[in-house]
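# Chains, contacts and geometry: an overview
Residues per chain are reported as follows:
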Amino acid sequence: MGVFFDEPAYPVIDKAPRFWQTVGNFSWKDWATFAGTSAACYPFGWAVGVAPKVPKQSAIMGAMIGGLGGFMLAYQQSAGRLMGMFPNDKEVELGLAKK
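The paragraphs below set out a description of the structure included in this document. (Residues numbered from 1 in each chain as written. Predicted model: local features only at pLDDT ≥ 70, side-chain atom pairs only at ≥ 80, totals over all residues. Heavy atoms only, no water.)

### Quick look at unusual backbone geometry
The phi torsion of most residues other than glycine is negative, and most of the peptide bonds are trans. Here the phi dihedral of Lys53 falls at roughly 65°; this positive angle occurs in a residue that is not glycine. In this structure, Lys53 sits in the loop between helix H2 (28-49) and helix H3 (55-82). In this structure Lys53 comes out as exposed when scored by relative accessible area, which is 70%. (Helix = DSSP H or I, 4+ residues; strand = E, 2+ residues; numbered from the N terminus. Buried < 20%, exposed > 50% of the residue type's maximum accessible area, 1.4 Å probe, protein only.)

### Examining the packing of aromatic side chains
In this structure the tally under the stated criterion is eight aromatic pairs. Each ring, one from Phe19 and one from Phe71, has its centre 6.2 Å from the other, and the planes form 45°; the classification is tilted. Of this pair, Phe19 sits in helix H1 (residues 19-24) while Phe71 sits in helix H3, and the two are 52 residues apart along the sequence. Accessibility expressed as a relative area gives 22% for Phe71, which makes it partly exposed. When the ring of Trp31 is compared with that of Phe34, the centres are 6.1 Å apart and the planes differ by 45°; the resulting orientation is tilted. Note that Trp31 and Phe34 are positioned in helix H2 at a spacing of three residues, about one turn of the helix. Residue Trp31 is classed as partly exposed on the basis of its relative accessible area of 41%. (Phe/Tyr/Trp six-rings, centres within 6.5 Å; stacked < 30°, edge-to-face > 60°.)

### Quick notes on the layout of surface pockets
By volume, the largest pocket amounts to about 180 Å³. Lining the largest pocket we find Ser27, Trp28, Lys29, Asp30, Thr33, Leu73, Ala74, Gln77, Arg81, Phe86 and Pro87. Elements supplying a minimum of two residues to the lining of the largest pocket: H2 and H3. Residues belonging to the lining of the largest pocket are distributed by class as follows: five nonpolar, three polar and three charged. (1 Å grid on protein atoms, 1.4 Å probe; cavity = no way out; pocket = protein on both sides within 12 Å on 5 of 7 lines; lining within 4 Å. Points joined across faces, edges and corners; volume = space filled by probe spheres on them. Nonpolar A, V, L, I, M, F, W, Y, C, P; charged D, E, K, R; others polar.)

In structure tokens form, the structure reads like this:
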């Protein structure tokens, strides 16, 4: 767990959310980020692999790396909402915030 130098600006739902709790809190926007970066990196990987004649393998690797980056970005956003660092109106509305 990292050290925060700023106080949370929004209601805290969980000070130290676990992995599955964070993934379970993904919004449609988080899933779109995850899928979008995977899809966007596929053609980039294909373009990089054309010269060495391995476009298919390079495209798959590009999609995997893009997917990993997209997952990490989505995870960061979801965990930030649970920890009160990002706007979390939906979570508070659902009654997840600790009293």
